Structures are given as C-alpha cells and as structure tokens.
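# Close look at the chain arrangement
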Amino acid sequence: MGLCRLLIEAGIDLARDEVKIAPVPGAGVGAGINFGVTAAKALEERKIDGFWANGMGTEVAVRRGVGTVVLDARRGDGPKPCFNYTMASIAAADRLIEKSPETAAAAVRAMVKTHAALKADVSRATAIGRKLFPPSEAELIAELIRRDLPYYDATISRDFVAGMNQFSRDVGILKGDVPYEGIVATHVSKYWKS
C-alpha cells in the first residue's frame, strides 16, 4: 500500500503507466529471511526491475552494481506526504500498557539507550549484524546505521500521526482520525525517566 500510494503521490498512474507490483521471488516470511537482501538478489538475477525495501537491501544492490537509489522516503526524498507512511516503532496492546505501564516505558527506555549506545559506538551493530545477516551483509550494517543515526528518534510527533492518518484514509483502511493519544501512550511518560 505504501509503494502504491507513493507512486500515486509522485503522479504515476498505475494503470496508465502499466506498473506491476508483485511479491519479490523468494522473499517469504520466516526466520533468517531478510526481505531487502532477497530483493537485491532478485534484482541482480533480473527477476524484478526494482524494489522498495530497507537500507540493507538497497546497499547490497548498489554495491553489487545492479541497482540505483531512486529515493529514500526516510530522509524526505519523494513527495512530502510519503515521509509519514511508515516508521520504526514499538507496538503494544492497550491492555499491556494499562496493566503494566512501567513495562511499556521500559521498552521505550531500552530503545533510547540502544540509540545512545549506537551513537557512542556504531561498531556495536556489526556484532548484532553477524547474527542476522550473511557475512558480506553483516559487515555493512555499521555503515548503514552510521548514516541513519541522525534519524534515530524514539518520539512520534503529532505531525507524523496526522500524516499517517491521512495515508490510512487515502488507501481506504481508515475513516476519520485516530487521536494522537490513541496511538502514542503519552500517559505513561511519567515512567520513562525511571
């Protein structure tokens, strides 16, 4: 849905311009499968003409000389509304937040501390990358995170929520607006500093 909407916002008519969006061959769901790396391989094998994926897949395709970055919505490339289509976040059920707000806050604190640890020493990412990626890709992770560090932020802004609501209405999965407080557990902020 995000890719379709991004193309529409960019003025591309999916029918008129004969755009076909399909699953990436081999990119099933499961442990050990990285969508971006699989997409880069499919691009290299000419099974697909392009993909919309994570930084790792993009970097692999670029370094192998089989792909070019067209836009990076995370950095504000492309139509302005696209920045609000998705973001890294931690989701929790309302019942968990109500029953154990300190647990929800601890997850936020852990993310903030992880960001700080990576900002202090980005090479820590390599050890984790070696557990998640094939060897050649694992060695890229610290560089990818170094580039992304300026965008690491554990907050969710009201502007983002408004944009996400608009995107959700545009693609037909929402009517009206979900209030900011219905998305962000602001009432547990007193536990964040604990």
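To start, this report covers the structure provided alongside it. This one's a predicted model, so the numbers in the text were calculated from it and none came from an experiment.

Conventions adopted
- Residues numbered from 1 in each chain as written.
- Predicted model: local features only at pLDDT ≥ 70, side-chain atom pairs only at ≥ 80, totals over all residues.
- Heavy atoms only, no water.
- Helix = DSSP H or I, 4+ residues; strand = E, 2+ residues; numbered from the N terminus.
- Buried < 20%, exposed > 50% of the residue type's maximum accessible area, 1.4 Å probe, protein only.
- Contact = heavy atoms within 4.5 Å.
- Areas by Shrake-Rupley, 256 points an atom, 1.4 Å probe, with all protein chains shown as cover.
- Lys, Arg positive; Asp, Glu negative; His and termini not counted.
- Charge placed at Lys NZ, Arg CZ, Asp CG, Glu CD.
- Arc of directions from axis to C-beta.
- Core = buried A, V, L, I, M, F, W, Y, C linked by side-chain atoms within 4.5 Å.

### Things to note about the overall build of the protein
- In terms of helices and strands, the protein carries ten helices and zero strands.
- For the protein, the spread of C-alpha atoms along the three principal axes comes to 50 × 45 × 30 Å.
- Classification of the 194 residues of the protein by burial places 29% in the buried group.
- Counting contacts in the protein only where the partners sit at least 6 residues apart, residues at least 24 apart contribute 47% of the total.
- Roughly 12600 Å² of accessible area belongs to the protein as shown, and the carbon and sulfur atoms make up 56% of that amount.
- A gap of 5 Å separates the mean positions of the 26 positive and 23 negative side-chain charges of the protein.

### Quick notes on helix α1 (residues 2–9)
- Along α1, the residues classified as buried are Gly2, Arg5, Leu6 and Leu7.
- Here the buried face of α1 lies against α9 (158–170).
- Two residues or fewer after α1 comes Gly11, characterised by a positive phi angle close to 90°.

### Regarding helix α8 (residues 141–148)
- The complete set of buried residues in α8 reads Ile141, Ala142, Leu144, Ile145 and Asp148. Down the axis of α8, the smallest arc covering the buried residues is 160°, so these residues share one side.
- Buried-residue contacts for α8 involve α3 (55–63), α5 (101–120), α6 (124–132) and α7 (135–138).

### What to know about the side chain of Ser168
- Its place among the elements puts Ser168 in helix α9.
- Excluding residues within four positions of it along the chain, Ser168 makes contact with Ile173 and Leu174.

### What about the nonpolar core?
- Within the largest apolar cluster, 19 residues are counted, with the highest numbers of intra-cluster contacts made by Met56, Phe133, Ile141 and Ile145.
- Those elements that place two or more of their residues in this core are α2 (35–44), α3 and α8.
- In terms of residue count, α2 provides more of this core than any other element does, five residues in total.
- Sequence-distant contacts of Ile141, defined by excluding residues within four places in its chain, comprise Met56, Ala125, Thr126, Gly129 and Phe133.

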